[in-house]
Amino acid sequence: MMATTHGLVGLALGAVIALVAPEHATTAMITGLAGGLAPDLDLYRGHRRTLHFPVYGPILAAVTIGTVVLVPTPATAA
């Protein structure tokens, strides 16, 4: 997938938040776009060797989701 596709998928996943929590939709869409582009930051040096391996991402995502559920603010959603 190209970097633009990664970004658009992240943006689309962030847009789904508008159905559940409209007050966090903008934050979720911006961070979804940034998160979608993040795996391609190593495009010109060691691509698919560092940022494409989902080792720590799921752990970080679980902690982040727990934080947002317990403290639902725009800062924690970001």
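Residues numbered from 1 in each chain as written. Predicted model: local features only at pLDDT ≥ 70, side-chain atom pairs only at ≥ 80, totals over all residues. Heavy atoms only, no water.

**Some details on the overall build of the protein**
Along its length, the protein carries 4 helices and 0 strands. Along its sequence from the N terminus, the protein presents helices and strands in the succession α-α-α-α. Relative to all contacts within the protein whose residues are 6 or more apart in sequence, the contacts with residues 24 or more apart total 40%. Accessible area of the protein: about 5700 Å², with a carbon and sulfur share of 76%. (Helix = DSSP H or I, 4+ residues; strand = E, 2+ residues; numbered from the N terminus. Contact = heavy atoms within 4.5 Å. Areas by Shrake-Rupley, 256 points an atom, 1.4 Å probe, with all protein chains shown as cover.)

**A word on the confidence of the model for the protein**
Detailed conclusions should not be drawn from predicted coordinates in areas where pLDDT is low. The predicted model of the protein averages 81 in pLDDT, with 87% of residues at 70 or higher. Averaged over each element, pLDDT in the protein is lowest for helix α4 (residues 74–77) (80) and highest for helix α2 (residues 25–37) (87). (pLDDT = per-residue confidence, 0-100.)

**Some details on helix α1 (residues 3–20)**
In this model α1 runs 27 Å from its N-terminal to its C-terminal C-alpha over 18 residues, within 8% of the 26 Å that 1.5 Å per residue would give. If you check which residues of α1 are buried, you get H6, G7, G10 and G14. With its buried residues spanning 95° around the axis, α1 presents them on a single face. In this structure, α1 carries T4, L8 and L19 as exposed residues pointing more than 90 degrees from its buried face. Where α1 is buried, its residues touch α2. (Expected span 1.5 Å × (residues − 1). Buried < 20%, exposed > 50% of the residue type's maximum accessible area, 1.4 Å probe, protein only. Arc of directions from axis to C-beta.)

**Considerations on the environment of P72**
Checked against the element boundaries, P72 lands in the loop between α3 (57–70) and α4. A sequence separation of 51 residues divides P72 from A21, and the C-alpha atoms of the two residues are 9.8 Å apart.

**Considerations on the packing of α1 against α2**
It is the contact of α1 with α2, at a shortest axis distance of 7 Å, that shows an interaxial angle of 155°. The angle between the axes of α1 and α2 places the two elements in the roughly antiparallel class. For the pair α1 and α2, the crossing hand works out as right-handed. Counting all contacts with α1, which are made through A3, H6, G7, G10, L11, G14, A15, I17 and A18, the residues of α2 involved are A25, A28, M29, G32, L33, G36 and L37. Looking at the contact of α1 with α2 residue by residue, the class counts come to 10 nonpolar, 6 polar and no charged. (Axes fitted to C-alpha atoms, helices over the stretch in contact; angles between N-to-C directions. Parallel < 35°, antiparallel > 145°, perpendicular 65-115°, else oblique. Left-handed = near helix turned anticlockwise from the far one by under 90°. Nonpolar A, V, L, I, M, F, W, Y, C, P; charged D, E, K, R; others polar.)

**Concerning a nonpolar patch on the surface**
A contiguous nonpolar surface patch, about 460 Å² in accessible area, is contributed by V55, Y56, I59 and V63. Note on placement: I59 falls in helix α3. (Patch = residues over 30% accessible without salt bridge, like charges linked within 9 Å, V, L, I, M, F, W, Y side chains within 5 Å. Salt bridge = Lys/Arg side-chain N within 4 Å of Asp/Glu carboxyl O.)

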